Amino acid sequence: MRIAVPREREGQPLVAAAPQTVELLIRLGYEVLVERGAGLRASFPDSLYEDAGASLVDAHSVWASDVVIAVDTPNEEQLAAMRPGATLIARLAPQQTPGLAESLAPLGITALAMDAVPRISRAQAMDVLSSQANIAGYRAVVEAANRFGRVFTGQVTAAGKMPPARVYVIGAGVAGLAAIGTANSMGALVSATDVRPEVAEQVESMGASFVPLPTSQGKSEDGYAKALSAEEAAAANALYAEQAAKSDIVITTANIPGRTAPILLDEDAIAGMAPGSIIVDMAAVNGGNCALTVPGEVVTTANSVTIIGYVDLAGHLPTQASGLYGRNIANLLELMTPGRDGELVVDLDDEIVRGIAVSVEGSIMWPPPPIRVSAAPAKVASGPSEQELAEEAARRAAKEKRAKRTGLIGLILAIAVFIALILVTPAAATGHYIVLILAVILGFYVISNVTPALHTPLMSVTNAISGIILIGAISQIGDPHPLIAGTSFVAIVLASVNIFGGFAVTHRMLAMFRK
């Protein structure tokens, strides 16, 4: 089958497939056609597509292909040029476009919406919204820094001290986390709020402080945050206004596809911000999270607060945004090409394919059946019965009794061996046993009262002591008395094992800290 990549409309800098995407599609067995000039706005000249194995064609050949992958919904003329039975893969925005399926079905084409990928783990590699939101979050901080009148990082100079910028992010989704990481890497003091309390750990792992809401709702069954009640929204907006007044830069990310963006910062909250502050409204495409946002424009309020309302922040980085978008499509086509033979299979039993299907060969498929993404709570395992507890207690008592008996037998044997050594030792050397006993007792209490975390550093001390023993034993190995010579030999063996074993363990531990 032939997959075609068209040149997007004027004003859209992205392209549906980068040269790397072409290589992936060819490996799946497809023939790839690219309209001339399709990737110029994303810094992909035609020569790169040719080197990747694509054929350069005109617009007519593109729309007559078996599969067309585009960024946004084509116009009516382009759709009419597609032949019945062909497949269109693009960001069709079916949630925001009522009647889209009814208009596409008479064309007899299969339309798949990349911006409707269900939020399940298996579909993450195809989630266009997440990949573009990641770039948009980064770009939001860059746009804010461009408009901000100060540096982000705090500095102490001979001329005085400059405090760091304070950045407040509302919403810790993909875009919010990307913004947090970017602002933190630039040296700003970052804080963030989200209606889902479970994301606090993610926020803190990115170097920001989490500001919890008075009430939190958590995540809904479709993967997005639940809507707040009127009372909860009022309490949340009061917190947003309080934090915004303390911040130099505020980034809002509350944007759910197909729904009007909620107002998080009203006119009073914006009026309470310091002059020179910046707001980046990442929900401007759906109306905006700020009451004064103008979609697609940058406005300055009466109190000198700048509100950035760009509707496509990812489009300001078209090279990387196109590369990620193309990779998302390649991952989807890999799923839909099980034989890797260049034949597209529309398997509606697959929840991912069913979730993005708007129309299939003239049949209306939108809206899809709901998909539950929230995990069901795990069943709590029943506890052991009273009989099992009693049997376990009996086994534990018997084990402790055996351990005590073994310890007592070992102590008796040790005393017997010690007495035997005293009887065969010359009277002049018996005083050394007292030193040995005191050393054993002292060593036992020293080691047992050291925290286990410090036992490993003590290896160096034990190696030093073993070295002394080794030298002493070597000096006595030639003694004519067989007992002294035998004891010296045993001491050499044990000290050597301790020394070389200690070095081996230390070497392995140090290797754990090497990259």
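Look up a bit, the structure's there.
Report follows, based on the coordinates. The numbers attached to residues start from 1 for each chain and follow its sequence in the written order. In view of the model being predicted, local features appear only for residues whose pLDDT reaches at least 70, and side-chain atom pairs are presented and counted only at 80 or more, with totals across whole chains, interfaces and linings using the full set of residues. Values reported for side chains reflect all heavy atoms of the structure, with hydrogen atoms and water molecules removed beforehand.

Quick word on the nonpolar core
Within soluble globular proteins, side chains that are nonpolar generally end up buried alongside one another. In plain words, nonpolar cores are sets of buried Ala, Val, Leu, Ile, Met, Phe, Trp, Tyr and Cys residues tied together by side-chain atoms within 4.5 Å. Any residue under 20% of the maximum accessible area for its type is buried, any over 50% is exposed, and the rest in between are partly exposed; the area is computed with a 1.4 Å probe on protein chains only. Within the largest apolar cluster, 48 residues are counted, with the highest numbers of intra-cluster contacts made by Leu25, Val34, Tyr49, Ile69, Ile89 and Leu333. Ranked by residue count, the leading element in this core is helix H11 (residues 318–335), at six residues. The next biggest cluster of nonpolar side chains, apart from the first, holds 32 residues, and it includes Phe148, Ala165, Val203 and Met282. In DSSP terms, a helix is any run of H or I states spanning at least four residues, a strand is any run of E spanning at least two, and both are numbered starting from the N terminus.

Things to note about a nonpolar patch on the surface
Patches were defined on residues exceeding 30% relative accessible area and lacking a salt bridge, with like-charge contacts within 9 Å and nonpolar side-chain contacts (Val, Leu, Ile, Met, Phe, Trp, Tyr) within 5 Å. Where accessible areas are quoted, they stem from the Shrake-Rupley method and a 1.4 Å probe; at the residue level, only the protein chains shown are allowed to cover. Think of a salt bridge as a Lys or Arg side-chain nitrogen and an Asp or Glu carboxyl oxygen that are within 4 Å of each other. A surface patch of nonpolar side chains, amounting to about 950 Å² of accessible area, comprises Leu408, Leu411, Ile412, Ile415, Val417, Ile419, Leu421, Leu423, Val424 and Leu483. With nine residues, the single largest contributor to the nonpolar patch is helix H13 (residues 386–424). Here Ile412 lies in helix H13.

Brief notes about the sheet that holds strand S6 (residues 110–113)
In this scheme, strands are said to pair when DSSP sees at least two bridges between them. Pairing is mixed in the open sheet, where eight strands are placed in the order S3-S2-S1-S4-S5-S6-S16-S17. Single-partner strands in this sheet number two, and they are strand S3 (55–57) and strand S17 (363–364). Pairing of strand S4 (residues 67–72) with strand S5 (residues 87–91) involves four bridges; the strand directions are parallel. Along S5, the bridge assignment pairs Val67 with Thr87. Whether two residues are in contact is decided by their heavy atoms, any of which lying within 4.5 Å being enough. Throughout, an axis means a line fitted to C-alpha atoms (over the contacting stretch in the case of helices), and angles, computed between N-to-C directions, take values from 0 to 180 degrees. Strands in contact with helix H1 (residues 19–27) are strand S1 (2–5), strand S2 (31–35) and S4; relative to S2, the strand with the most contacts, it is inclined by about 150°.

Structural notes on helix H9 (residues 230–246)
Helix length check: H9, at 17 residues, gives a terminal C-alpha distance of 25 Å against a target of 24 Å (1.5 Å per residue), a fit within 8%. For H9, the set of buried residues is Glu232, Ala236, Leu239, Tyr240, Gln243 and Ala244. What you see down the axis of H9 is that its buried residues fit within an arc of 135°, all on one side. With respect to the buried face of H9, the exposed residues turned more than 90 degrees away are Ala230 and Glu231. A helix is expected to span 1.5 Å for every residue after the first. Working definition: the arc comes from the directions between the helix axis and the C-beta atoms, pointing outward to the latter.

Comments concerning the sheet that holds strand S13 (residues 278–281)
Across the sheet, seven strands lie side by side as S11-S10-S9-S12-S13-S15-S14; this open sheet has mixed pairing. Since the sheet does not close on itself, it has two edges, and those belong to strand S11 (209–210) and strand S14 (298–300), each with one partner. As paired strands, strand S10 (residues 189–193) and S11 are joined by two bridges and run parallel to one another. Bridge assignment links Ala192 to a residue of S11, and that residue is Phe210.

What to know about the pattern of salt bridges
One pass over the structure, following the stated rule, counts 11 salt bridges. Asp66 is the partner of Arg83 in a salt bridge, and the nearest nitrogen-oxygen pair spans 2.2 Å. You can see Arg83 sitting in the loop between helix H4 (76–81) and S5 and its partner Asp66 sitting in the loop between helix H3 (59–63) and S4, a full 17 residues away along the chain. Glu351 is paired through a salt bridge with Arg122; the nearest N and O atoms lie 4.0 Å apart. With Glu351 in helix H12 (residues 351–356) and Arg122 in the loop between S6 and helix H6 (128–147), this residue pair connects regions lying 229 residues apart in the sequence. Glu351 sits in the partly exposed class, given a relative accessible area of 37%. Shared partners join several salt bridges into a network, and the residues in it are Arg9, Asp72 and Arg91.

Re the pairing of strand S12 (residues 249–252)
Here S12 shows two buried faces, one formed by Ile249 and Ile251 and the other by Val250 and Thr252. Here four bridges tie strand S9 (residues 166–170) to S12, and the two strands are oriented parallel to one another. Each residue of the ladder has a partner; that of Val167, found in S12, is Ile249. Here four bridges tie S12 to S13, and the two strands are oriented parallel to one another.

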